[in-house]
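So you can see what is in the structure, the chains are spelled out below.
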Amino acid sequence: MNGADHIDGIDGIDGIDGIGIGDNGRALGGFLRARRGRVAPEHVGLTGGGRRRRVRGLRREELAQLAGISVDYYVRLEQGRATQPSPEVLDALATALGLDAAERGHLTTLACARRGPAPRARVSPLLQRLLDAMAHFPAFATDHRLDVVAWNDLGDDLMGGLSDPARRDRNQARYLFLDPASRVVFPEWEDRAMEAVGQLRVAAGRYPDDAELSALITDLSARSDDFRRIWATGEVVMCAAGRKRVRHPTAGLLTLDYETLHVPAAPGETGLVVHVFSAEEGTREAAALAATLLRSPRR
């Protein structure tokens, strides 16, 4: 084993210093390193051999073998020296690494060099009216940097006081990683933190020239050990639907269903994501949300 492979195994450092913000070639290499570090050789039919493994996960030559490409070409990919790999190469790497649909999409995004500013997503009067009309459902909207840009009354309360910037940061990632109150609001804090980092990683790959996004990621990497740890995993997350537990300041701990709705800024662009929470009729959570709405002084 060469010295470079040994250094590769220390992904925590590369995960921040080598994130490649503004350089998708470096970001592609960092993503591939993080993902191969998560694949156990025995799970893909490889044996460890008689020598002690000093690299977490797959070695470079092992991944190259599984993907059917030369070791030299794979090394150049990881080092950001090979640009725009073919769809066939990307598919082979994704299959060898066991990537899911979101991770495959991110890999393709990193391989396609996109330049230019991120689109400015605007909160239209219609969008705000829609949020206000969903009075019985906590709802808020975020942009690709996870800035919360619009909300309704229940969304304000549920997310820790969005209407008061002195009470909480309106950037969801800064709130999660820099404000201890977020761990009270979100009992499954680690899951919420992984989501935030995964979404920022997708955004950074899609908009490598976004200076504000780069500054956010750099700031969080400097100020939060947890952010550095999670970023180093190469986590990729796309907004979806499911169920979350959230602690409301008066209603207490609530288990709510959630759905995400996309409002494109332009054709093919991310735009805004509207997060809507709800509870099944007849449940304690539904009654708690209704009671909270009635008590709200803003109604």
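Residues numbered from 1 in each chain as written. Predicted model: local features only at pLDDT ≥ 70, side-chain atom pairs only at ≥ 80, totals over all residues. Heavy atoms only, no water.

1. Quick notes on the packing of helix 6 (residues 87–97) against helix 7 (residues 101–111)
- Closest axis-to-axis distance for the helix 6/helix 7 pair is 10 Å, and the angle between their directions is 145°. Considering the relative orientation of helix 6 and helix 7, their crossing is right-handed. Between helix 6, through Leu-90, Asp-91, Ala-94 and Thr-95, and helix 7, the contact on the second element is made entirely by Arg-104, Leu-107, Thr-108 and Ala-111. (Axes fitted to C-alpha atoms, helices over the stretch in contact; angles between N-to-C directions. Helix = DSSP H or I, 4+ residues; strand = E, 2+ residues; numbered from the N terminus. Left-handed = near helix turned anticlockwise from the far one by under 90°. Contact = heavy atoms within 4.5 Å.)

2. Describing unusual backbone geometry
- With phi around 70°, Leu-146 is a residue other than glycine that occupies positive phi space.
- By secondary structure assignment, the location of Leu-146 is in the loop between strand 1 (139–142) and strand 2 (148–151).

3. Thoughts on the confidence of the model for the protein
- Per-residue confidence for the protein gives a mean pLDDT of 86; residues scoring 70 or more make up 88%.
- Looking at the elements of the protein, mean pLDDT is at its lowest for helix 1 (residues 3–8), recorded as 33, and at its highest for helix 10 (residues 172–178), recorded as 97.
- Predicted confidence is poor over residues 1–19, with pLDDT under 50, and the contacts of this stretch with residues over four places away or in other chains come to 39 contacts. (pLDDT = per-residue confidence, 0-100.)

4. Details of the pairing of strand 3 (residues 242–248)
- Judged from the 7 bridges that link them, strand 3 and strand 4 (residues 252–263) form a sheet pairing that is antiparallel. Looking at the pairing, Arg-247 lines up with Leu-253 of strand 4.
- Connecting strand 3 to the next strand, strand 4, in antiparallel fashion are 3 residues. (Pairing = 2+ DSSP bridges.)

5. Observations regarding the packing of aromatic side chains
- Evaluation of the coordinates by the stated rule reveals 5 aromatic pairs.
- Taken together, a centroid distance of 5.6 Å and an interplanar angle of 80° make the contact between Phe-177 and Trp-189 edge-to-face. You can see Phe-177 sitting in helix 10 and its partner Trp-189 sitting in helix 12 (residues 189–206), a full 12 residues away along the chain.
- A relative accessible area of 6% means that Trp-189 is categorised as buried.
- One aromatic cluster in this structure is built from Phe-177, Trp-189, Phe-227 and Trp-231. (Phe/Tyr/Trp six-rings, centres within 6.5 Å; stacked < 30°, edge-to-face > 60°. Buried < 20%, exposed > 50% of the residue type's maximum accessible area, 1.4 Å probe, protein only.)

6. Thoughts on helix 3 (residues 24–36)
- Taking 1.5 Å as the rise per residue, helix 3 with 13 residues should run 18 Å; its terminal C-alpha atoms sit 18 Å apart, in good agreement.
- The element helix 3 is extensively covered by neighbouring structure, given that 11 of its 13 residues are classed as buried.
- Those residues of helix 3 lying buried are Asn-24, Ala-27, Leu-28, Gly-29, Gly-30, Phe-31, Leu-32, Arg-33, Ala-34, Arg-35 and Arg-36. (Expected span 1.5 Å × (residues − 1).)

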